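# Descriptive analysis of the structure
The lines below spell out each chain.
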Amino acid sequence: MAARSQLLKGILDACVMAIVEEKAVYGYELSQQLQKVGLPDISEGTIYPVLLRLQKNGFIIGEMRPSASGPNRKYYFLTDSGKEELERISSEWMLIAGPVSQLLQRGENE
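Overview of the structure. Along each chain, numbering runs from 1 in the same order as the chain's sequence is written. Confidence filtering applies because this is a predicted model: local features only for residues at pLDDT of at least 70, side-chain atom pairs given and counted only at 80 or more, and all residues used for totals across whole chains, interfaces and linings. Calculation of side-chain values draws on the structure's entire complement of heavy atoms; hydrogens and water are dropped beforehand.

### Some remarks on the nonpolar core
In terms of nonpolar packing, the biggest core is built from 23 residues, with Val16, Leu30 and Leu34 touching the most fellow members. Helix and strand labels come from DSSP, where a helix needs a run of H or I of at least four residues and a strand needs a run of E of at least two; each type is numbered from the N terminus. When contributions to this core are tallied by element, the ones reaching two or more residues are α1 (2-22), α2 (27-36), α3 (44-56), β3 (70-78) and α4 (80-109). Looking at this core element by element, the count peaks at 8 residues for α1. Among residues more than four places away in sequence, those in contact with Leu30 are Val16, Ile19, Val25, Ile47 and Leu51. We call a set of buried Ala, Val, Leu, Ile, Met, Phe, Trp, Tyr and Cys residues a nonpolar core when their side-chain atoms join them within 4.5 Å. Whether a residue is buried, partly exposed or exposed follows from its accessible area with a 1.4 Å probe, protein chains only, as a fraction of its type maximum: under 20%, in between, or over 50%, in that order. Contacts are assigned to residue pairs with any non-hydrogen atoms lying within 4.5 Å of each other.

Put into structure tokens, the structure is as follows:
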């Protein structure tokens with residue numbers, strides 16, 4: 001589990017930005033979306049520091065909106081700078097993930 005945690009730490013910003021790029025979401029909804037795609041060990045306690053860091057870096061912005069079921073919620077949107085950063089990270093990830101997957105799979109097949 002420690003290896004998975006370290007790997008996720010390095011790519012979690014991009015995962016969050018990819019979801020926010022699709023549609024504006026609030027923190028709990030973001031956590032649910034991550035779980036839905038197969039990342040169940042990402043808690044809300046992990047999400048909020050990531051959102052804060054992405055906001056400080058200008059990659060996302062937050063906006064309070066009314067909620068039909070309770071208090072207002074802070075929805076997050078990707079900025080133009082965030083779109084550029086997401087593209088950069090995605091490109092870097094593809095350069096790394098493909099070769100690493102090939103190496104690891106080759107080891108399994110031998």
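### Some thoughts on the sheet that holds strand β1 (residues 25-26)
The 3 strands are arranged β1-β3-β2 in an open sheet whose pairing can be described as antiparallel. Each having just a single partner strand, β1 and β2 (60-67) make up the two edges of the open sheet. For two strands to count as paired, DSSP must find a minimum of two bridges between them. With 2 bridges joining them, β1 and β3 adopt antiparallel strand pairing. Bridge assignment links Val25 to a residue of β3, and that residue is Tyr76. In this analysis, axes come from line fits to C-alpha atoms, helices being fitted only over the stretch in contact, and the angle between any two N-to-C directions falls in the range 0 to 180 degrees. On the sheet, α3 packs against β2 and β3 and is oriented at approximately 120 degrees with respect to β2.

### Remarks on the packing of α1 against α3
Viewed as axis vectors pointing N to C, α1 and α3 meet at an angle of 80 degrees, and their least axial separation amounts to 10 Å. Classified by the angle between their axes, α1 and α3 sit roughly perpendicular to one another. Counting all contacts with α1, which are made through Leu12, Asp13, Val16 and Met17, the residues of α3 involved are Thr46, Val50, Leu51, Arg53 and Leu54. When residues are grouped by polarity, Ala, Val, Leu, Ile, Met, Phe, Trp, Tyr, Cys and Pro land in nonpolar, Asp, Glu, Lys and Arg in charged, and all others, Gly among them, in polar. Of the residues assigned to the contact of α1 with α3, the class counts are 6 nonpolar, 1 polar and 2 charged. For classification purposes, an angle smaller than 35 degrees is called roughly parallel, one larger than 145 roughly antiparallel, one from 65 to 115 roughly perpendicular, and anything else oblique.

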